[in-house]
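# Inside the fold
Spelled out, the chains give:
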Amino acid sequence: MTLYPPPLPPPPPPPPRKALAFLALLGSLECLFLTLIKTFTSPATLSKICSTVSLGVPGGGCNEVLTGPYASVHGIPLTFPGFLAYAAVFLLSVLPLVPQYQARPLITEEQNRLLLLMSTTGLGFFSFLLMSLLAFVIRDYCPFCIASALISFSLALTAWFSSLGTNLTIKRRVAAGFSSVAVVCAFAFGIFINGENVLLDSAVASPNPSSVLIKSESEKKSREELEPPPVTNKSSKQAEKIGDQLTKLNSRMFGAYWCSHCFEQKQTLGKQAMAKIPYLECAKDGKDSEWRVCKDLKLPGYPCWEINGNIYPGEQSLDELQEIINIENGMEE
C-alpha cells in the first residue's frame, strides 16, 4: 500500500496591492495638487477652486480651512506630508509587482506587509483626528478634507481586513497598530499646538483679538454685531489714487470681520483710501451685515471686489488693483 504525503495547504491569497496603489495614487495626487496651489498661486485662485468644489457655498469652506492656522506647520503646508505618506503607500504597494524588484527585493514580503499596515493605519487614524478637528474645533466645511479622509479610511480598512493584514500574526498587527497611533498622536498634537500658537500670535497683533479667537458658530452667535478690526495704516499716494479710481468705477469691497485676508486688504489700501470705498460685511453676525447681498452675488470667498460691475475675488496688491482698473477703463495694453 503506497502512502502519499498530505496535500499542502493552498497558498494565502495575495494582498490587494493594485487596489491599495490606486487609492494611494488618488490621495497623493490630491495632496500634491493642493500643495502646489497653496505654494505657487494666489489666495484668489484657491478661493475660486474652493468655491467650485463647495458647490458655490460663499465664505468659509475649504478656503478658510486650507489657509487657517492648522493648515501649515512653520510654513510647510500640511498637504505635503500627506503627499509623502500616500506616495510611500503607493510605492510599498507597487514595487513587489515589478519583476526587477522581485529579483532583488530590498525587504522581505512580511516586512513590506507590516510597513503597509503601519502606514495605512497611520493615514486612517490621522484623518480621523483631522475630521474631529474640522467638526469640533474649526467647525467648517471642506470637501477636499473629506475626500482625503475617505481615501485614508478605505486604505486602512482594505489593509486590515484583506489578506495583507490577516496573514500577519495578531501580535504583529497589534504592535503595528499601536506604534502607528502613537506616532500620529504625537504629530497631530504638534500640529494642534502650532495652530493654537498661530491663533494667539494673530490675536496679540490684531486690534480686535476676539475676532481672531472666536472660531465656532455658537461662540459667534453669542456675540452681537461683531466689527472687523479698524484700519490703522496710512494710505500711500498710490493707494489714495487707486481709491479715487475705484470710487469712479462704483467699486465695492466684500469681506467678513473674521477674515484675516480682508483685514490685510484694507491695511494695504490704508485708512484714507478705504474711507472712499464702500465695504459690505458678509458675515451674518457682523455689524451692519449685508449677507443677503453677498449670498445673491454668489461670491466665491472673501475678500472679494466688485469693480465696474465685475467680480474680482481674493486679496489684491496695489499693482493688481491698478491693473484691474486699467482693464475696466479700457486701457489694457
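Details of the structure are given in the entry above.
Remember, predicted model here, so these are calculated numbers, not experimental data.

On to the overall build of the chain. Along the backbone of the chain there are 15 helices and 6 strands. A total of 333 residues make up the chain; the buried ones form 41% of that total. Looking at the chain alone, contacts between residues at least 24 apart form 74% of all its contacts between residues at least 6 apart. A total of about 18,200 Å² of accessible surface is found on the chain, and carbon and sulfur atoms cover 64% of it.

For the rest of this paragraph, the subject is the environment of Leu66. Checked against the element boundaries, Leu66 lands in helix H3 (residues 61-66). Sequence spacing of Leu66 and Cys142 is 76 residues, and the spatial spacing of their C-alpha atoms is 8.3 Å.

All right, on to the pattern of salt bridges then. For the structure shown, the criterion picks out 7 salt bridges. Taking the shortest distance from any N to any O, the salt bridge between Lys287 and Glu227 comes out at 3.7 Å. In this pair, Lys287 sits in the loop between strand S4 (279-281) and helix H14 (291-297) while Glu227 sits in the loop between helix H11 (217-221) and helix H12 (237-248), placing the two residues 60 residues apart along the sequence. Judged by relative accessible area, which is 42%, Glu227 ranks as partly exposed. Residue Lys276 pairs with Glu240 through a salt bridge whose shortest N-O separation is 3.9 Å. Of this pair, Lys276 sits in the loop between helix H13 (260-274) and S4 while Glu240 is found in helix H12, placing the two residues 36 residues apart along the sequence.

By size, the foremost hydrophobic cluster in this structure holds 29 residues, and its most contacted members are Leu269, Tyr302, Trp305 and Ile307. Sorting the residues of this core by element identifies H12, strand S3 (252-255), H13, strand S5 (304-307) and helix H15 (318-328) as the ones contributing at least two each. Aside from chain neighbours lying at most four places away, what touches Trp305 is Leu246, Arg252, Met253, Gln265, Leu269, Ile277, Asn310, Ile311, Tyr312, Gly314, Gln316 and Leu321. Counting residues in each nonpolar core, the second largest holds 17 residues, with Leu92, Leu116, Leu123 and Ala176 among its members.

Moving on: the state of the cysteines. For the structure on display, the rule yields 2 disulfides. Disulfide pairing is shown between Cys142 and Cys145; the S-S distance is 2.3 Å. Linking Cys142 and Cys145, the disulfide has an S-S dihedral of approximately 70° and is accordingly described as right-handed. Bridging Cys282 to Cys294, the disulfide has an S-S length of 1.9 Å. Handedness of the Cys282-Cys294 disulfide follows from its S-S torsion of about -75°: it is left-handed. Residue Cys282 is found in the loop between S4 and H14, and its partner Cys294 is found in helix H14; the two are separated by 12 residues along the sequence. Judged by its relative accessible area of 7%, Cys282 falls in the buried class.

Across 4 bridges, S5 lies against strand S6 (residues 310-313) in antiparallel orientation. Among the inter-strand pairings, Cys304 is bridged to a residue of S6, identified as Pro313. Connecting S5 to the antiparallel partner S6 that follows it, the hairpin turn spans 2 residues, and Asn308 within it adopts a positive phi of roughly 60°.

The angle between the axes and the distance between the axes are what describe a pair of packed helices. Between H12 and H13, whose axes approach to 8 Å, the crossing angle comes to 65°. Note that H12 runs across H13; the crossing there is right-handed. The segment H12 lies against H13, with Ala239, Glu240, Ile242 and Gly243 engaging Thr268, Leu269, Gln272 and Ala273. The residue inventory of the contact of H12 with H13, partitioned by class, reads 4 nonpolar, 3 polar and 1 charged.

Here we come to the sheet that holds S4. Sheet architecture is open: 4 strands sit in the order S4-S3-S5-S6, paired in mixed fashion. The two strands at the open ends of the sheet, each matched to only one other strand, are S4 and S6. Neighbouring strand axes in the sheet, compared pairwise and without regard to direction, differ in orientation by 25° on average. Where S3 meets S5, 3 bridges bridge the pair, whose relative direction is antiparallel. The residue bridging Phe254 from the neighbouring strand is Cys304, located in S5.

A rise of 1.5 Å per residue sets the reference length of helix H4 (residues 79-94), with its 16 residues, at 22 Å; its end C-alpha atoms lie 22 Å apart and thus fit the reference within 8%. Listing the buried residues of H4 in full gives Thr79, Gly82, Tyr86, Val89, Leu92 and Ser93. Within H4, the buried residues cover an arc of 150° as seen down the axis, which keeps them to one side. On the buried face of H4, the contacting elements are helix H1 (17-40), strand S2 (76-77), helix H6 (109-138) and helix H7 (143-161).

On to the packing of H4 against H6. Between H4 and H6, whose axes approach to 10 Å, the crossing angle comes to 155°. The angle between the axes of H4 and H6 places the two elements in the roughly antiparallel class. Of the two possible hands of crossing, H4 and H6 adopt the one that is left-handed. Contacts between H4 and H6 involve Ala85, Tyr86, Val89, Leu92 and Ser93 from the first element and Asn112, Leu115, Leu116, Ser119, Thr120 and Leu123 from the second. Its residues assigned to classes, the contact of H4 with H6 comprises 7 nonpolar, 4 polar and no charged.

The rules behind each value
Residues numbered from 1 in each chain as written. Predicted model: local features only at pLDDT ≥ 70, side-chain atom pairs only at ≥ 80, totals over all residues. Heavy atoms only, no water. Helix = DSSP H or I, 4+ residues; strand = E, 2+ residues; numbered from the N terminus. Buried < 20%, exposed > 50% of the residue type's maximum accessible area, 1.4 Å probe, protein only. Contact = heavy atoms within 4.5 Å. Areas by Shrake-Rupley, 256 points an atom, 1.4 Å probe, with all protein chains shown as cover. Salt bridge = Lys/Arg side-chain N within 4 Å of Asp/Glu carboxyl O. Core = buried A, V, L, I, M, F, W, Y, C linked by side-chain atoms within 4.5 Å. Disulfide = S-S within 2.5 Å. Pairing = 2+ DSSP bridges. Axes fitted to C-alpha atoms, helices over the stretch in contact; angles between N-to-C directions. Left-handed = near helix turned anticlockwise from the far one by under 90°. Nonpolar A, V, L, I, M, F, W, Y, C, P; charged D, E, K, R; others polar. Expected span 1.5 Å × (residues − 1). Arc of directions from axis to C-beta. Parallel < 35°, antiparallel > 145°, perpendicular 65-115°, else oblique.

All quantities given are derived from atomic positions and should not be read as evidence of function.
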